[in-house]
Amino acid sequence: MERPLTKNIRPNEDPLSLMEYEQAGGYRAVRTMLSTMSPQDVQVQVKASNLRGRGGAGFPTGMKWSFVPMGENAPKQKYFIVNADEMEPGAFKDRYLLEGDPHQLIEGIVVAAYAIQASHAYIFLRQGYGRAELLLNKAIAEAYENKLLGENILGSGFSLDLRIHTSAGRYICGEETALINALEGKRATPRAKPPFPQVSGLWGRPTVVNNVETVVNLPHIVNNGADWFKSIGGINDSGTKIYGVSGRVRNPGLWELPMGTMVSDLIEEQAGGMMDGYRLRAFMPGGASTDFLTPDHMNVRMDFDSVMKAGSRMGTGTITVLDDRTCPVGFVHSLEKFFRRESCGWCTPCREGLPWIERTLQAIETGKGEMSDLDLLTEQCRLLGPGNTFCALAPGAVEPLQSALKYFLEDFESHINNKHCPWKSI
Amino acid sequence: MLTEQEKQEISEELKHCERPEAAAIEALRVVQKKRGWVSDASLRDVAAQLSMTPAELDAVATFYSFIFRKPVGRHVIALCDSMVCWSLGHDDLYKLISTKLGIGYGETTGDNRFTLLPASCLGACDRAPAMMVDDELFGPVTPETIDEILSKYS
């Protein structure tokens, strides 16, 4: 089984230096691309590969790029940004790629920037990833010294400036237009779309924002082609995926596996099943903003379309398990507390609705809830849903809530009827 | 008053920015690095160097969780309370740390050693429950390892 994205990663050791990375075949994609391919060739290949964005939405990368103005009349200054603002609860995959193989990310950045003819690139790195920052800075310095970044890369005439911006917190920075505002030194509130960033992004210029895991796929697609990329994937989707499982499992962690790997394989095989004495109650396929699924969904394939059909979203592909000895109401309260805290406050349903939801859940969890609260929560799921808010934060926040009301209704009712949390007396 | 070194470091950041306000977070972090937090006086000085009004810069400073506009202790404990860490024992850890240090979230110990803050997901769900002290990540943190971790910080 091929594991292109993680083959160089040596857990608990420093990542490959530039020399080691090149010895392992690294920067071959950049060399080939700059000497034999046009930007259009790269775009065509990535489009043909069916690479879909790994940040959570699964939007086709080639199509995202295709909206960038190209050619002689296009603006001279364009930007490519790596979204390394990994702050979704349950997600920890990008940390592994950033710390594990920084040169692979830099190579991916050069590929993407060349494809859209960007002159400047940024890595937007979340707060708290100090080790990643250190290792990336070291790798970037090595790349500059060896003419893989900067003016006239490898004598090709293509130039690229790459810098890291380390954020100071706030989940909303991961929303791409909020991220652009943050890079401009503003409050990270989302922007209205259109115009889309590809046309008017950072400083009003064409900008593409791609997730870390998306970007590290690019060198491998250039090296091995679109057909190869499809062949290492699953039935519905191309490439490999960095999957993860956390919560009360025996062996929480991350694994690179073909796209479309079954949920049961991840939870039972890779993560070793539930810890002794615990049973699986439900799981979230890919972070705090994805609907709960249940043990009935163990045979769902983890690809964008299959998880969607099962009633959730693959999101980041890092599964969070909810065990049978943890209160589901408390669990949902914890995650709504996160969304309430991280709402940027820009639009009313999110700013006002999330605190209301959180207070209501807290009341139910502490035995002060009423049956009418359940109708209120259902109503809030609608009011904060798609179409009513400026960005996807609030709709993401109510996805797990609406499925919790469906799958854990009895638990909500017992909290209300018995006026206390049944898990607290155990 | 900003020190010469702080001014110099901010100027260095400005060189890489297309517009001065783009260096806002970097500049605030320069100040915070030595002083621990950003006082009103520092905020005004930084704003002047970035050609911003103090209100414009404060709007940015107060938005981001890890720019501190109030004094903090010598070390900041950021305890993750997001769902995975919550389900694996956040509440017990919080109670333990809180009892040991005599402070709740948002508070600083009397000897100015620690400030305790709740943190949104630290991206270490495979090591839950996780926490950071300053720039260092710990996890899984257990009631047994808390003392050892805290003793590293004076």
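Calculation rules
- Residues numbered from 1 in each chain as written.
- Chains lettered and ligands numbered in written order.
- Predicted model: local features only at pLDDT ≥ 70, side-chain atom pairs only at ≥ 80, totals over all residues.
- Heavy atoms only, no water.
- Helix = DSSP H or I, 4+ residues; strand = E, 2+ residues; numbered from the N terminus.
- Rg over C-alpha atoms; globule rule 2.2 N^0.38 Å.
- Buried < 20%, exposed > 50% of the residue type's maximum accessible area, 1.4 Å probe, protein only.
- Areas by Shrake-Rupley, 256 points an atom, 1.4 Å probe, with all protein chains shown as cover.
- Lys, Arg positive; Asp, Glu negative; His and termini not counted.
- Charge placed at Lys NZ, Arg CZ, Asp CG, Glu CD.
- Contact = heavy atoms within 4.5 Å.
- Buried area = accessible area lost by both parts, 1.4 Å probe.
- Salt bridge = Lys/Arg side-chain N within 4 Å of Asp/Glu carboxyl O.
- Polar contact = N/O pair within 3.5 Å; in protein donor to acceptor, adjacent residues only side chain to side chain.
- Nonpolar A, V, L, I, M, F, W, Y, C, P; charged D, E, K, R; others polar.
- 1 Å grid on protein atoms, 1.4 Å probe; cavity = no way out; pocket = protein on both sides within 12 Å on 5 of 7 lines; lining within 4 Å.
- Points joined across faces, edges and corners; volume = space filled by probe spheres on them.
- Pairing = 2+ DSSP bridges.
- Axes fitted to C-alpha atoms, helices over the stretch in contact; angles between N-to-C directions.
- Phe/Tyr/Trp six-rings, centres within 6.5 Å; stacked < 30°, edge-to-face > 60°.
- Lys NZ or Arg CZ within 6 Å of the ring centre and 35° of its normal.
- Domains from an automatic or database assignment.
- Expected span 1.5 Å × (residues − 1).

**Q** Can you explain the overall build of chain A? Please cite residues and give values.
**A** Scanning chain A for helices and strands turns up 16 helices and 8 strands. For chain A, the C-alpha radius of gyration of 22 Å lies close to 22 Å, the compact-globule estimate for 426 residues. Here chain A holds 426 residues, and 63% of them are scored as buried. Carbon and sulfur atoms provide 50% of the accessible area of chain A, an area that totals close to 15,900 Å². Looking at chain A, you have 44 positive and 49 negative side-chain charges, and the mean spots of the two groups are 3 Å apart.

**Q** Any details on the interface of chain B and chain A? Residues and values, ideally.
**A** Listed per partner, the contact involves 37 residues of chain B and 53 residues of chain A. Both faces combined, the contact of chain B with chain A buries some 3,600 Å², and carbon together with sulfur accounts for 55% of it. A salt bridge links R341(A) to D81(B); its shortest N-O distance comes to 2.5 Å. The tally of links from chain B across to chain A stands at 22 residue pairs in polar contact (both at pLDDT 80 or more). Sorting the residues of the side of chain B that touches chain A by element identifies α2 (24-35), α4 (54-61), α5 (83-87) and β3 (114-119) of chain B as the ones contributing at least two each. Tallied by class, residues from the side of chain B that touches chain A come to 21 nonpolar, 7 polar and 9 charged.

**Q** Which residues make up empty space enclosed by the protein, and what are the values?
**A** Taken as a whole and assessed by the stated rule, the structure comprises 3 cavities of 30 Å³ or more. Within this model, the largest cavity holds a volume of roughly 70 Å³. Lining the largest cavity are I172(A), P190(A), S343(A), C344(A), G345(A), W346(A), C347(A), C350(A), F390(A), C391(A) and L393(A). The residue inventory of the lining of the largest cavity, partitioned by class, reads 9 nonpolar, 2 polar and no charged. The space that makes up the second largest cavity amounts to roughly 50 Å³. The wall of the second largest cavity is formed by 13 residues, among which C80(B), C85(B), C121(B), L122(B) and C125(B) lie closest to the centre. Element by element, the count of residues in the lining of the second largest cavity is highest for α5(B), at 3 residues. Split into classes, the residues belonging to the lining of the second largest cavity amount to 10 nonpolar, 3 polar and no charged.

**Q** Please set out helix α8 (residues 176-183) of chain A residue by residue, giving values where relevant.
**A** Residue and element names in this part refer to chain A. Most of α8 sits inside the fold, with 8 of its 8 residues counted as buried. Within α8, the full set of buried residues consists of E176, T177, A178, L179, I180, N181, A182 and L183. Downstream of α8 by one or two residues, G185 has phi in the positive range, about 85°.

**Q** Any details on the sheet that holds β3(B)? Residues and values, ideally.
**A** Adjacent strands of a sheet pair through backbone hydrogen bonds, lying either parallel or antiparallel. All names here are of chain B. In spatial order, the strands read β2-β3-β1-β4-β5; together these 5 strands make up an open sheet with mixed pairing. Each edge of the sheet is formed by a strand with only one pairing partner; in this case those strands are β2 (107-108) and β5 (136-138). Contacts from helix α6 (residues 90-101) reach β1 (75-80), β3 and β4 (131-133) within the one sheet, and its direction differs from that of β1 by about 155°.

**Q** Tell me about the sheet that holds strand β8 (residues 318-323) of chain A, and please be specific about residues and values.
**A** Residues and elements named next belong to chain A. A sheet is described by the order of its strands in space; here 4 strands give the open sequence β6-β5-β8-β7, paired in mixed fashion. With one partner strand each, in any of the chains shown, β6 (253-258) and β7 (280-284) form the two edges of the open sheet. Pairs of neighbouring strands in the sheet enclose a mean axial angle of 25°, with direction left out of account. In terms of strand pairing, strand β5 (residues 240-246) meets β6 through 6 bridges, oriented antiparallel. Each residue of the ladder has a partner; that of Y243, found in β6, is W255. Each of β5, β6 and β8 touches helix α5 (residues 93-100); the most contacted strand, β5, lies at about 120° to it.

**Q** So what's going on with the packing of aromatic side chains? Residues and values would help.
**A** Inspection of every chain in the model, using the stated rule, returns 15 aromatic pairs over all chains. With a centroid separation of 6.3 Å and 45° between ring planes, the pair formed by W228(A) and F229(A) is classed as tilted. Each member of the pair, W228(A) together with F229(A), is buried. Aromatic side chains F63(B) and Y64(B) sit 5.0 Å apart centroid to centroid with 70° between the ring planes, which places their arrangement in the edge-to-face category. By relative accessible area, which is 2% here, F63(B) ends up buried. Members of the aromatic cluster, each reached through a chain of ring pairs, are F292(A), F331(A), F408(A) and W86(B). Over the ring of F63(B) we find R170(A), and its NZ or CZ is 4.4 Å from the ring centre. The ring of Y278(A) is capped by R325(A), whose NZ or CZ atom sits 4.5 Å from the centre of that ring.

**Q** Tell me what's going on with the domain arrangement of chain A, and back it up with residues and numbers.
**A** Residues and elements named next belong to chain A. Along its sequence, chain A is organised into domain 1 (18-231), domain 2 (240-323) and domain 3 (328-425). Taken together, the 17 residues of domain 1 in the interface contact 20 residues of domain 2. For the pair domain 1 and domain 2, the summed buried surface comes to about 1,400 Å²; carbon and sulfur atoms form 61% of the total. Where domain 1 touches domain 2, the interface holds 2 salt bridges. Among the ionic pairs, D305 bridges to R52, the shortest N-O distance being 3.2 Å. Among the elements that make up the side of domain 1 that touches domain 2, the one with the highest residue count is α5 (3 residues). Class assignment of the residues belonging to the side of domain 1 that touches domain 2 gives a composition of 7 nonpolar, 5 polar and 5 charged.

**Q** Residue-level account of helix α6 (residues 102-116) of chain A, with values.
**A** All names here are of chain A. If you check α6, its first and last C-alpha atoms are 21 Å apart, about what 15 residues at 1.5 Å a residue would give, namely 21 Å. Counting buried residues along α6, 15 of its 15 residues qualify, which places the element largely inside the surrounding structure. Residue Q117 follows α6 closely and has a positive phi angle near 60°.

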